[in-house]
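Here is how the chains run, residue by residue.
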Amino acid sequence: MATPRKYLIDPERPLLYHLVSRCVQRAFLCGVDPLTGKDHSHRKQWLIDRLHFLVQHFAVDLYGYSVMSNHFHLGVFHDPKACLRWSDEEVAERWLAVSPPRTYGGKTLAPEALEAHRGTLLADSSRLAHVRKQLGSVSTFMKFLKQDIARRANAEEGVRGHFFDQRFWCGALLSDRAVVSAMLYIDLNPFRAMIATRIEEIRDAGITERIMLLQADAASLDSYLKPLVSGLGGTELVLTVTLRSYLNLLQIIIDTETHFPVDSTEARWRQDVASIHKRQRAYGSEEALVAWYGARNWKRIGQLLSS
């Protein structure tokens, strides 16, 4: 039986999560199909564009992503209480942006009609409370992200049916080290898939955006990593790792020809990044994992990260 989301995503504590969703049967629906030879790589940009749009309106910050041919990874910071601090007007504005009412023909409503819908929503406290909750939900965020891509892809192919697996995997990151390890793991997906051999060759990933920012602003090299896109407006998460340090860590993982002593800092980073592949429900120090699993009456079987 699948674990309910209410146990996987903390309803009280702001945390960063590693999310993974796969195409149905792990088919290459966002890349070159090895059986037919059809190239669907353009759909990766669909997902990236949709991701950037939705993050601005849901209670999440985007810290990392990697879109592969048959799955994608996200690193999102979620504040479960952020939506409660939004005004009714802001909730209505955000909701109508991600779920705009349309005519029966699928066309966007005229401004006057849209304003009428806004007024109706603001006057309905029950409905407003419901959409506020939806905007604060990671599950709804993922639903809106995946459904849009599925509809576009199905329309392109003239077919119907599922595009992504219905459930997405979610791992809570309970420490700064766990967060950085997961971000490294996410950004290095193209490297593990042998699509890229150098950092500069990585595409369709968060590190691609950070390097583009660096090219425009050299000072960002020594700035702490910030969210790529923010829906929170003022995040409580502060990553005390600079882009320079992060790029150095990426290079350590990529440089497979160099062997470091087992107890060295470099070896521990490699081990922690590799442990993200184990798909635990949470990652962190022993103290953090004991508290996390204890609060849910679960038995801890996951691997610890370095302290």
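Anything mentioned here points back to the structure above.
Now for a quick tour of the structure. (Residues numbered from 1 in each chain as written. Predicted model: local features only at pLDDT ≥ 70, side-chain atom pairs only at ≥ 80, totals over all residues. Heavy atoms only, no water.)

**Re the pattern of salt bridges**
Pairs can form between side chains of opposite charge whenever their charged atoms are close. Counted only if it meets this: For this analysis, a salt bridge means a side-chain nitrogen from Lys or Arg found within 4 Å of a carboxyl oxygen belonging to Asp or Glu. Exposure is judged per residue with a 1.4 Å probe applied to protein chains only, and the accessible area is read against the type maximum: over 50% gives exposed, under 20% gives buried, and values in between give partly exposed.
With the rule as written, the count across this model stands at 15 salt bridges. Between Arg-85 and Asp-79 there is a salt bridge; the shortest N-O distance is 2.7 Å. According to the relative accessible area criterion, Arg-85 is exposed, its value standing at 54%. In the salt-bridge network here, residues are joined through shared partners; they are Lys-38, Arg-43, Glu-156 and Glu-157.

**Concerning the packing of aromatic side chains**
This is how the line gets drawn: Here the aromatic set is Phe, Tyr and Trp, taking the six-membered ring for Trp, and pairing holds for ring centres within 6.5 Å; pairs whose planes are under 30 degrees apart are stacked, those over 60 apart are edge-to-face, and all others are tilted. A run of H or I in DSSP counts as a helix once it spans at least four residues, and a run of E counts as a strand once it spans at least two, with each numbered from the N terminus.
The final tally for this structure, using the stated rule, is seven aromatic pairs. Ring centres 6.3 Å apart and planes at 70° place the aromatic pair Tyr-7 and Trp-298 in the edge-to-face group. Linking Tyr-7 in helix α1 (residues 5-8) with Trp-298 in the segment after α12 (286-295), this pair joins segments that are 291 residues apart in sequence. Tyr-7 gets classed as partly exposed once you look at its relative accessible area, which sits at 36%. Cluster of aromatic residues (ring-pair linked, three or more members): Phe-58, Trp-95, Phe-141 and Phe-144.

**Structural notes on the side chain of Asp-10**
The test is simple: Side-chain atoms alone can form a polar contact between residues adjacent in sequence; in general such a contact is a pair of N or O atoms within 3.5 Å, and within protein one must be able to donate a hydrogen while the other accepts it. When checking whether two residues touch, look at their non-hydrogen atoms; a contact exists if any pair is within 4.5 Å.
Along the polypeptide, Asp-10 turns up in the loop between α1 and β1 (15-22). Asp-10 gets classed as buried once you look at its relative accessible area, which sits at 12%. A polar atom in the side chain of Asp-10 sits 2.8 Å from the backbone nitrogen of Glu-12. Those residues in contact with Asp-10, other than ones at most four positions away along the chain, are Leu-15, Tyr-17, Pro-80, Trp-292 and Arg-296.

**Description of helix α6 (residues 138-157)**
Quick note on the threshold: Multiply 1.5 Å by the residue count of a helix minus one, and that product is the helix's expected span.
Compared with the 28 Å implied by 1.5 Å per residue over 20 residues, the 29 Å span of α6 between its first and last C-alpha is a close match. Residues of α6 that are buried include every one of Val-138, Thr-140, Phe-141, Met-142, Phe-144, Leu-145, Lys-146, Ile-149, Ala-150, Ala-153 and Asn-154, and no others. Elements in contact with the buried residues of α6: β1, α2 (42-55), β2 (60-67), β3 (71-78), α3 (88-98) and α5 (125-135). Two to three positions downstream of the cap, the backbone nitrogen of Ser-139 sits 3.2 Å from a side-chain oxygen, assigning the N-cap of α6 to Ser-137. Looking one or two residues past α6, Gly-158 carries a phi angle of roughly 70°, positive in sign.

**Let's talk about the sheet that holds β3**
Defined as follows: For two strands to be treated as a pair, DSSP must find no fewer than two bridges joining them. To obtain an axis, a line is fitted to C-alpha atoms, over the contacting stretch when the element is a helix, and the angle between two such axes runs from 0 to 180 degrees between their N-to-C directions.
The six strands are arranged β5-β2-β3-β1-β4-β6 in an open sheet whose pairing can be described as mixed. Whereas interior strands pair on both sides, the edge strands pair on one side only; in this sheet they are β5 (229-230) and β6 (282-283). As paired strands, β1 and strand β4 (residues 169-173) are joined by five bridges and run antiparallel to one another. Opposite Leu-16, over in β4, you have Leu-173 as the bridge partner. Its contacts with the sheet place helix α7 (residues 176-187) against β1, β2, β3, β4 and β6, and it is angled at close to 35° to β2.

**Re the environment of Gln-280**
Here Gln-280 shows up in the loop between α11 (265-275) and β6. The class of Gln-280 is buried, set by a relative accessible area of 7%. Between the C-alpha atom of Gln-280 and that of Ala-82, which follows or precedes it by 198 residues, the distance is 26 Å.

**Points about the pairing of β4**
Of all five residues in β4, five are buried; the element is thus mostly enclosed. With burial as the criterion, each face of β4 is covered, one bearing Trp-169, Gly-171 and Leu-173 and the other bearing Cys-170 and Ala-172.

**Re the side chain of Arg-177**
Following the sequence through the fold, Arg-177 ends up in helix α7. Residue classification places Arg-177 among the buried positions, given a relative accessible area of 18%. If sequence neighbours within four positions are ignored, Arg-177 has contacts with Thr-265, Arg-268, Trp-269, Asp-272, Leu-305 and Ser-306.

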